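Residues per chain are reported as follows:
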There are 2 protein chains.
Amino acid sequence: MATEKLASWAVNLSYNSLPPEVIHAAVSSFYNWVGCAIGGALHPTTTTASEALAPFFGKATSSLLGQKGARTDASHAALLNGIASHVHDYDDTHLQTIIHPTGPVASALFAQAEALGGVNGQDFILAFVAGIEAECKLGLSVWPKHYDIGWHITSTVGSIGAAVAVGKLMHLERTPMQHAISIAATQVTGLRDMFGTDTKSFHVGRAAQNGLVAAVLAARGYTGSLQALEAPRGWARVVSVENNIDEQFAGLGREWEMARNAFKPFPCGIVVHPVIDGCIQLQRQMAAAGLTAGDIERVHVRVHPLVLELTGKKTPQDGLQAKFSVYHGGAIGLVLGKAGPAQYEDSVVLSPEIVHVRDKISATADESLGADETEITVELSNGTTLTKHVQHAIGSVEVPMTTEQLEEKFIDQVSPVLGAEGAQHASKACWALQGSESVVELAKGL
Amino acid sequence: MATEKLASWAVNLSYNSLPPEVIHAAVSSFYNWVGCAIGGALHPTTTTASEALAPFFGKATSSLLGQKGARTDASHAALLNGIASHVHDYDDTHLQTIIHPTGPVASALFAQAEALGGVNGQDFILAFVAGIEAECKLGLSVWPKHYDIGWHITSTVGSIGAAVAVGKLMHLERTPMQHAISIAATQVTGLRDMFGTDTKSFHVGRAAQNGLVAAVLAARGYTGSLQALEAPRGWARVVSVENNIDEQFAGLGREWEMARNAFKPFPCGIVVHPVIDGCIQLQRQMAAAGLTAGDIERVHVRVHPLVLELTGKKTPQDGLQAKFSVYHGGAIGLVLGKAGPAQYEDSVVLSPEIVHVRDKISATADESLGADETEITVELSNGTTLTKHVQHAIGSVEVPMTTEQLEEKFIDQVSPVLGAEGAQHASKACWALQGSESVVELAKGL
């Protein structure tokens, strides 16, 4: 019944039933996604994919964000905007499942909204929320076993979220919506072994594309299984060893996952955030005392076990690998007092100054710590020791980014691509999503 | 090391090292694939997908087989020819794994060969064999657990076979070939729960497309994991509970899976073949004695347990469902003495004459029987009983289809689409693959 329940809920969801905080979270998530997608538009992972797949591009209906008006077919726009939005690992996080929810859903939805035309901001928000809820509730139902097995949960549930969102935008009825969910569910994309390579962000783009294709096929009457999620050989049992899908879906429309979405201040795995946060604070403290990174003898961090499992790369060789190195995160915090996209460029990752401090950092896993907590100890050559305890890192539910910080992040990412004025214009346009009369018009400035 | 081993083997494979029986099997498999793809070109599952995805079609470089010269981009040609080639469940079978090997590999390869141009028959055969070996050895390494879990093995390994084939055609070196394998491996498409719906054949097309996209990305330097198949969170461990991948890959180039490929005389699950074969023989026996299906009181079949697990649908409602009904298979054999695509049309599946006999058939699973074996008992209203033991069904390794039967099957499928003369022309062109100077020229008649 799970597939039918989800389809039925999504089909019946109305804009008026969305609580204000859900709409606010949806607009913020969309805003953050646009910033990340434009910020990642010129990354080699995005441009290489674009060049490789250009021979397959179809009718230009949908924008490639940050590409100065360039467009392609909705399917490739979904793929490439999805890649761009995730390539800096700077996108949003549903903290309970570490799903990055917006990439797969918004990349599919925005591309198809442009292709369809006649979509306003409220239509978009409604479909977007339906997709995010589908994705995150499904993710919760198989978390953490599904992730432990080795699936990249962002993309494996993302394709289903994208299908629900696009299906909602296309006004699918319940049965076709079940088929859309089914066709998306059968395309299980994303092995964790790809982390640290171009393919990690490809997962997000492909999930968007898988979901879009699923909804477009279902809209024409293409059939899948009506019990795709819950059947004995359906999605949940094949991709996980346990699930509580019925329980999770019972919460649809009552507990909103959209409102639990968080935004990253740093472009790397969310679990590195406490260490970066603490190291930046320590760098400021040292600077105030006239000390620099050159005065550091040894650094030790205690972290939640997941931090080392996910981000234990000791000697990253490029920016993509550095996103999975808590050591690089600590080093840029201590040396540069900053951790933006610029601090994850290959040249910084390999610079002697950073490598020198990075190699002085050791880490131990401590199960008593929370995933957003850390204890940092810095031994200085003058014999003194500094310590810093971060209870909840910035970007957590307890210490969310403010609207101003989100805007700063957006401008920081978009300015190098669209220029300062273009970035301001884009920022205003995206904040105004709810009142937008046309997503096609909105897209023009992005 | 498995990923590196496979890549290295494929990169170094030369045409001169292919045994004659492997080349013969490759040409026969290609021939059978073309027949199936043209035969499925006008099936609603193919045409619906084509109509739904037409807005995404790119530059027309690659043929849609059986569509009278219609072309699209290589990616969509791979998808749609893949769907068409599998929709009648009439394609080839690697019996040890029940993989249908040619669909994913040839659909990707043919589309890309046309797009690249300058590919001759030997180039094509070489790349094709590399892909088939990759696919089937990988399939063997996770069989049967992977299938038992619920994965449609044809598409889950098919994408990897397609990537190896296209990568070989594009002359990838070892490291990019590892990345191609990796990008294909991360796109795990195909849940068995979709059997009996449009999405089953979508799996084959999508696998072709996944593999093609993987190779095209890798050719541009896109990276995945270099240990994608064997890593702790790589393909084999995530999608199966056990594997013997190193052992299987040690046999690459020594034991050829290509030569173990079998062709189906009937357009349905291979496990139904013994019952159909036996029932057709019984129908002839009855006809010779002046008896008809109207004289049948009861039918009982004893079959391998897999037959009922896979094809136990008692009351199929359309042609796609009927492919998973050993009862329908028995009924058309007993009533019509034939089991071609025409006997799987919806109108036949629902005809009172067929339903009447179908409902008289019962089946029991018997572990002592082989998968290609059956015992059939027919009780007649005159009080007599007929029995038929099929040791190895037609289409098995022991009783393969002859070249003439294969040609008959091809003409039978292609004539309704291309006309009698077109079918003869296509048949000659496909048999001549090995000496063909240009796959582009070859494609023109298909």
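- Named according to an unreviewed UniProt entry, chain A is 2-methylcitrate dehydratase originating from Mycena albidolilacea.
- Annotation of chain A in UniProt includes, under Sequence similarities (unreviewed entry), the sentence "Belongs to the PrpD family."

## Remarks on the overall build of chain A
(1) Moving on: Counting secondary structure elements, chain A contains 20 helices and 9 strands.
(2) Moving on: Over its C-alpha atoms chain A spans a radius of gyration of 21 Å, differing by no more than 12% from the 22 Å that the globule rule assigns to 446 residues.
(3) Moving on: Overall, the C-alpha framework of chain A stretches about 70 × 50 × 40 Å when taken along its three principal axes.
(4) Moving on: Put simply, chain A has 446 residues, and 65% of those count as buried.
(5) Moving on: Across chain A, the fraction of contacts at a sequence separation of at least 24, relative to all contacts at a separation of at least 6, is 76%.
(6) Moving on: Summed over all atoms, the accessible surface of chain A reaches about 14,600 Å², with 50% contributed by carbon and sulfur.

## Some details on the side chain of H100(A)
(1) Moving on: Counting through the fold element by element, H100(A) comes out in the loop between β3 (93–94) and α5 (102–116).
(2) Moving on: Reaching out from H100(A), the side chain makes a polar contact with the backbone oxygen of D92(A) at a distance of 2.8 Å.

## Focus on the domain arrangement of chain A
When the parts come together, some accessible area is lost, and that loss is often what is quoted as the size of the interface.
All names here are of chain A.
(1) Moving on: When the domains of chain A are assigned, the result is domain 1 (2–265 + 402–443) and domain 2 (270–390).
(2) Moving on: One C-alpha centre belongs to domain 1, the other to domain 2, and the line joining them spans 32 Å.
(3) Moving on: Domain 1 puts 19 residues into the contact, and the matching count from domain 2 is 10 residues.
(4) Moving on: Approximately 1,300 Å² of surface area, both sides summed, lies buried where domain 1 meets domain 2, with 68% of it carried by carbon and sulfur atoms.
(5) Moving on: Of all residues in domain 1, H88, G196 and K264 bury the most surface against domain 2, accounting for 30% of the area lost on that side.
(6) Moving on: The tally of links between domain 1 and domain 2 comes to 1 salt bridge.
(7) Moving on: R192 is the salt-bridge partner of E309, the closest N and O atoms lying 3.3 Å from each other.
(8) Moving on: Taken together, domain 1 and domain 2 are joined by 2 residue pairs in polar contact (both at pLDDT 80 or more).
(9) Moving on: Of the residues contributing to the side of domain 1 that touches domain 2, the split by class is 7 nonpolar, 6 polar and 6 charged.

## What to know about the pattern of salt bridges
(1) Moving on: Summed over all chains, the structure comprises 26 salt bridges over all chains.
(2) Moving on: The salt bridge involving D89(A) is made with K264(A); its shortest N-O contact spans 3.8 Å. In this pair, D89(A) is assigned in the loop between α4 (74–86) and β3 and K264(A) in the loop between β5 (261–262) and α13 (273–288), connecting sequence segments 175 residues apart.
(3) Moving on: Note on D89(A): relative accessible area 3%, which makes it buried.
(4) Moving on: Across the pair E309(B) and R233(A) runs a salt bridge whose closest N-O atoms are separated by 2.9 Å. Linking E309(B) in helix α14 (residues 305–311) with R233(A) in the loop between α10 (198–219) and α11 (235–239), this pair reaches from one chain into another.
(5) Moving on: By relative accessible area, which is 25% here, R233(A) ends up partly exposed.
(6) Moving on: Taken together, the shared-partner salt bridges in this structure form one network comprising D89(A), K200(A) and K264(A).

## Section: the relation of the copies chain A and chain B
(1) Moving on: By a simple turn and slide, chain A fits onto chain B: the slide is 0.0 Å along the axis, the RMSD is 0.1 Å, and the turn is 180 degrees. In short, the pair behaves as if placed about a two-fold rotation axis. Minimal C-alpha distance to the rotation axis in chain A is attained by G58(A), lying at 1.9 Å.
(2) Moving on: Most of the interface of chain A is mirrored in chain B, where 100% of its interface residues again form contacts.

## Observations concerning the sheet that holds strand β8 (residues 374–380) of chain B
All names here are of chain B.
(1) Moving on: Read across the sheet, 4 strands follow the order β7-β6-β8-β9 without closing on themselves; strand pairing throughout is mixed. Two strands in the sheet have a free side with no partner beyond their single neighbour: β7 (361–365) and β9 (385–390). Averaged over all adjacent pairs, the angle separating strand axes in this sheet is 15 degrees, with direction ignored.
(2) Moving on: When β8 meets β9, the two strands line up antiparallel, connected through 6 bridges.

## Concerning the interface of chain A and chain B
(1) Moving on: Across the contact, 59 residues belong to chain A and 59 residues belong to chain B.
(2) Moving on: Both faces combined, the contact of chain A with chain B buries some 4,700 Å², and carbon together with sulfur accounts for 61% of it.
(3) Moving on: Considering only the side of chain A, the residues that lose the most area to chain B are F56(A), Y222(A) and R233(A), jointly responsible for 17% of the buried surface there.
(4) Moving on: For the pair chain A and chain B, the number of links is 4 salt bridges.
(5) Moving on: Run the count over chain A and chain B and you get 27 residue pairs in polar contact (both at pLDDT 80 or more).
(6) Moving on: With 11 residues, α10(A) is the single largest residue contributor to the side of chain A that touches chain B.
(7) Moving on: Of the residues that constitute the side of chain A that touches chain B, the class distribution is 27 nonpolar, 21 polar and 11 charged.
(8) Moving on: For strand β4 (residues 187–189) of chain A and strand β4 (residues 187–189) of chain B, the ladder comprises 3 bridges, and the chain directions are antiparallel. Each bridged residue has a counterpart across the sheet, and for V188(A) the counterpart in β4(B) is V188(B).

## Here's the deal with the nonpolar core
Generally speaking, soluble globular proteins have nonpolar side chains that are buried together.
(1) Moving on: Ranked by internal contacts, the top residues of the largest apolar core, which has 305 residues, are F124(A), L229(A), W235(A), F124(B), L229(B) and W235(B).
(2) Moving on: Non-local contacts of F124(B), meaning those with residues more than four positions away in its chain, are made with F30(B), L109(B), F110(B), A113(B), V119(B), L433(B) and V439(B).

## Notes on the sheet that holds strand β8 (residues 374–380) of chain A
Residue and element names in this part refer to chain A.
(1) Moving on: The strand order across the open sheet formed by 4 strands is β7-β6-β8-β9, and the pairing between neighbours is mixed. Since the sheet does not close on itself, it has two edges, and those belong to β7 (361–365) and β9 (385–390), each with one partner. Across the sheet, the mean angle separating the axes of adjacent strands is 15 degrees when strand polarity is ignored.
(2) Moving on: With respect to the sheet, α13 is in contact with β6 (296–303), β8 and β9, its orientation differing from that of β9 by roughly 140 degrees.
(3) Moving on: Across the sheet, helix α16 (residues 326–336) lies against β6, β7 and β8, angled at about 130 degrees from β7, the strand it touches most.

## Section: unusual backbone geometry
(1) Moving on: The amide bond that connects W143(A) to the next residue, P144(A), takes the cis arrangement and shows omega of 0 degrees.
(2) Moving on: Within the secondary structure, P144(A) is located in the loop between α6 (121–142) and α7 (145–149).
(3) Moving on: Positive phi, close to 50 degrees, is recorded for D89(A), a residue that is not glycine.
(4) Moving on: A positive phi angle, close to 60 degrees, is found at H171(B), a residue other than glycine.
(5) Moving on: Here H171(B) lies in the loop between α8 (153–169) and α9 (174–185).

Criteria and thresholds
- Residues numbered from 1 in each chain as written.
- Chains lettered and ligands numbered in written order.
- Predicted model: local features only at pLDDT ≥ 70, side-chain atom pairs only at ≥ 80, totals over all residues.
- Heavy atoms only, no water.
- UniProt positions renumbered as here; feature names shortened; annotations may be inferred.
- Helix = DSSP H or I, 4+ residues; strand = E, 2+ residues; numbered from the N terminus.
- Rg over C-alpha atoms; globule rule 2.2 N^0.38 Å.
- Buried < 20%, exposed > 50% of the residue type's maximum accessible area, 1.4 Å probe, protein only.
- Contact = heavy atoms within 4.5 Å.
- Areas by Shrake-Rupley, 256 points an atom, 1.4 Å probe, with all protein chains shown as cover.
- Polar contact = N/O pair within 3.5 Å; in protein donor to acceptor, adjacent residues only side chain to side chain.
- Domains from an automatic or database assignment.
- Buried area = accessible area lost by both parts, 1.4 Å probe.
- Salt bridge = Lys/Arg side-chain N within 4 Å of Asp/Glu carboxyl O.
- Nonpolar A, V, L, I, M, F, W, Y, C, P; charged D, E, K, R; others polar.
- Least-squares fit on C-alpha atoms with pLDDT ≥ 70 in both.
- Pairing = 2+ DSSP bridges.
- Axes fitted to C-alpha atoms, helices over the stretch in contact; angles between N-to-C directions.
- Core = buried A, V, L, I, M, F, W, Y, C linked by side-chain atoms within 4.5 Å.

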